[in-house]
Amino acid sequence: MPYVDGFVVAVPKKKLRAYAQLSKMAGKVWREHGALDYREWVADDVKPGKLTSFPQSVKLKAGETVVFAWITYKSRAQRDRINAKVMADPRLASSMDPKTAPFDVKRMIYGGFASLVKV
């Protein structure tokens, strides 16, 4: 059954180009290791809510935007195998360093999701 990792991050608008470059490389790495799909989307219509919202979820600051993304796998077992390889891939080492990443890694929201509905 398909499995998806989803994540939401706050990206400084002035670093959006650098983030996009990192994302292209990350997507290539995930796909090379077996992910079926890798997608990232930048906020276009996300407003702060009264209780919850995408901006609130990442504690969005002035000058930042929200990025929403997912990676698709054949199964959770495949995801676990692929992510172990990706995390060991030296091409992504700098993206995991909070000092050099073009976003605040501490405010990243991440999780794995099993399929519920397919229409």
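Residues numbered from 1 in each chain as written. Predicted model: local features only at pLDDT ≥ 70, side-chain atom pairs only at ≥ 80, totals over all residues. Heavy atoms only, no water.

A word on the environment of Ala20. By the element assignment, Ala20 lies in helix H1 (residues 16-32). For the pair Ala20 and Ala69, spaced 49 residues apart in sequence, the C-alpha separation works out to 12 Å. (Helix = DSSP H or I, 4+ residues; strand = E, 2+ residues; numbered from the N terminus.)

If a residue is not glycine, its phi is most likely negative; likewise, a peptide bond is most likely trans. Despite not being glycine, Lys59 has its phi angle at roughly 50 degrees, a positive value. Its relative accessible area of 63% is what places Lys59 among the exposed residues. (Buried < 20%, exposed > 50% of the residue type's maximum accessible area, 1.4 Å probe, protein only.)

A word on the pattern of salt bridges. Two side chains carrying opposite charge are able to pair once their charged atoms lie near each other. Within this structure, the stated rule accounts for nine salt bridges. The residue Arg91 makes a salt bridge to Glu32 at a minimum N-O spacing of 2.8 Å. Note that Arg91 is positioned in the loop between helix H3 (76-88) and strand E4 (109-114) and Glu32 in helix H1, a separation of 59 residues in sequence. On the accessibility criterion, Arg91 (35% relative accessible area) is partly exposed. A salt bridge links Arg39 to Asp37, with the shortest nitrogen-to-oxygen separation between them at 3.0 Å. Classification of Asp37 as buried rests on a relative accessible area of 18%. Bridged by salt links that share partners, the residues Asp5, Arg76, Arg79 and Asp80 form one connected network. (Salt bridge = Lys/Arg side-chain N within 4 Å of Asp/Glu carboxyl O.)

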